[in-house]
Amino acid sequence: MEAIKNFSEEAVFNIIGNTFQDHSAIASGDYNCNCTFNPLDKVVELYERLVQAEKDKVEYLEKLLNGK
């Protein structure tokens, strides 16, 4: 909640701008980014949530149609 209250677009641009300033580290191969999660697992998780949301929507609409 505190992050939302203190949100500033300027801070966002500063963070993004300062993230990849040292291009020499990337060019030399010293840049190391290790994910703490499997991105494919996240895609599957999001897809499953989307499918479930669609199923819930269909169920709700069927209830509305049957109620009339």
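From a predicted model like this one, the values you see are computed outputs, not experimental measurements.

Visitor: Would you explain the pattern of salt bridges in this entry?
Guide: A side chain of one charge can pair with a side chain of the opposite charge when the charged atoms of the two come close. Evaluated as defined, the whole model comprises 3 salt bridges. The closest approach of N and O atoms between K42 and E45, which form a salt bridge, is 3.8 Å. With K42 and E45 both in helix α4 (residues 39-67) and 3 residues apart, this pair spans about one turn of that helix. With relative accessibility at 35%, the residue E45 sits in the partly exposed group. The closest approach of N and O atoms between K57 and E54, which form a salt bridge, is 3.3 Å. Here K57 and its partner E54 are both found in helix α4, 3 residues apart, which amounts to about one turn of the helix. Exposure remark for E54: the relative accessible area of 36% places this residue in the partly exposed category.

Rules and cut-offs
- Residues numbered from 1 in each chain as written.
- Predicted model: local features only at pLDDT ≥ 70, side-chain atom pairs only at ≥ 80, totals over all residues.
- Heavy atoms only, no water.
- Salt bridge = Lys/Arg side-chain N within 4 Å of Asp/Glu carboxyl O.
- Helix = DSSP H or I, 4+ residues; strand = E, 2+ residues; numbered from the N terminus.
- Buried < 20%, exposed > 50% of the residue type's maximum accessible area, 1.4 Å probe, protein only.

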